[in-house]
Amino acid sequence: MMAGGSLMNVGLANWQLLALVAGVLLLFLVMWMAWARLAERRETERRIAAARVRSGHVPLEIPTVRGSLNQADDAAPDTLPEWFIQGKGEHSIVDEQPRIRVRYVDPNGRKAECTMQVQHLDIQKKVLTGHGEMPGDMYRIPLHAITGARIAESGQRFNIDTWVDAVRVARRRRGQV
């Protein structure tokens, strides 16, 4: 009788272990599906935002300046609400020469940071050129080396890639491409 009782206990322990492993695998599968769905949703939101920028929308988080709605100037984006256009007769346009604080990886592979007044953004060569606060302090930073950017006055973060796309659209609308 003793042998039969211990055999039954071993079978129950195996079933409990099997149920535990199956539960962990099921939990892992549910978590993986939720993570994949969340990643897909984020990628979709990123693509929609990029498409809006390419169509002329100026996001609030990139450096902007105020511009008039005259046809001689850059045309107003189609995404502005009518009450805003009727208000002061101005709209936000992309600032192509903002004063920004940039974090980047220098050619030696070290992390560096600078505050610069952008002089030129070369879209074809993908290089940001500007001068610092000290005389003779010039920077020429490849866009791929930039790890973060902030507007110098407000400290607000912005995505450098979104800003580059917005500058590209603004130049295309002005016929400067």
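Residues numbered from 1 in each chain as written. Predicted model: local features only at pLDDT ≥ 70, side-chain atom pairs only at ≥ 80, totals over all residues. Heavy atoms only, no water.

It is worth spelling out the overall build of the protein chain at this point. A tally of regular secondary structure across the protein chain gives three helices and seven strands. Of the accessible surface of the protein chain, which amounts to about 12,800 Å², a share of 59% is contributed by carbon and sulfur atoms. (Helix = DSSP H or I, 4+ residues; strand = E, 2+ residues; numbered from the N terminus. Areas by Shrake-Rupley, 256 points an atom, 1.4 Å probe, with all protein chains shown as cover.)

Attention shifts here to the confidence of the model for the protein chain. Scored by pLDDT, the protein chain comes out at a mean of 82, with 79% of its residues at no less than 70. This stretch, residues 68–74, has a pLDDT under 50; its non-local contacts, to residues over four places away or in other chains, come to 15 contacts. In the predicted structure, residues 76–87 sits below a pLDDT of 50 and forms 14 contacts with residues beyond four places in sequence or in another chain. (pLDDT = per-residue confidence, 0-100. Contact = heavy atoms within 4.5 Å.)

Let us look at the packing of aromatic side chains. Per the counting criterion, the structure on display carries one aromatic pair. Centre to centre, the rings of phenylalanine 158 and tryptophan 163 are 6.4 Å apart; their planes meet at 75 degrees, and the pair counts as edge-to-face. The burial state of phenylalanine 158 is the same as that of tryptophan 163; both residues are buried. (Phe/Tyr/Trp six-rings, centres within 6.5 Å; stacked < 30°, edge-to-face > 60°. Buried < 20%, exposed > 50% of the residue type's maximum accessible area, 1.4 Å probe, protein only.)

Right, let's get into helix H3 (residues 160–174). Taking 1.5 Å of rise per residue, 15 residues should cover 21 Å, and H3 covers 21 Å from first to last C-alpha, within 8% of that figure. Listing the buried residues of H3 in full gives Ile160, Thr162, Trp163, Val164, Ala166, Val167, Val169, Ala170 and Arg171. Where H3 begins, one side-chain oxygen reaches toward the backbone nitrogen of aspartate 161, 2.9 Å away; that side chain belongs to asparagine 159. Glycine 175 sits one or two positions beyond H3 and adopts a positive phi of about 80 degrees. (Expected span 1.5 Å × (residues − 1). Polar contact = N/O pair within 3.5 Å; in protein donor to acceptor, adjacent residues only side chain to side chain.)

Let's shift gears to the nonpolar core. Core analysis: the largest hydrophobic core is formed by 25 residues, its most contacted members being Val102, Met116, Leu121, Leu128, Ile141, Ile146 and Trp163. Considering each element in turn, this core owes the most residues, five residues, to H3. Discounting residues that sit within four places of it in the chain, isoleucine 141 has contacts with Val102, Tyr104, Cys114, Met116, Lys126, Val127, Leu128 and Ile146. (Core = buried A, V, L, I, M, F, W, Y, C linked by side-chain atoms within 4.5 Å.)

Attention shifts here to the sheet that holds strand E3 (residues 99–105). The sheet built from five strands is open, its strands ordered E6-E5-E4-E3-E7 with antiparallel pairing. Taken across any chain shown, the strands that pair with only one partner, and hence form the sheet edges, are strand E6 (138–142) and strand E7 (146–151). If you compare each strand with its neighbour and ignore which way they point, the axes differ by 40 degrees on average. As paired strands, strand E5 (residues 127–131) and E6 are joined by five bridges and run antiparallel to one another. Bridging across to E6, leucine 128 finds its partner in isoleucine 141. Of the strands in this sheet, strand E4 (111–122), E5 and E7 are in contact with H3, which crosses E4 at around 5 degrees. (Pairing = 2+ DSSP bridges. Axes fitted to C-alpha atoms, helices over the stretch in contact; angles between N-to-C directions.)

Another point: the pairing of E5. Across the five residues that make up E5, a large majority, four, are buried. Relative to E5, E4 runs antiparallel, the two sharing five bridges. Directly across from valine 118, in E5, lies its bridge partner glycine 130. In this antiparallel pair of consecutive strands, E4 and E5, the connection spans four residues, and lysine 126 shows a positive phi of 60 degrees.

Once that is clear, we can look at unusual backbone geometry. In this structure, lysine 126 is a non-glycine residue whose phi angle is positive, near 60 degrees. Relative to the assigned elements, lysine 126 resides in the loop between E4 and E5.

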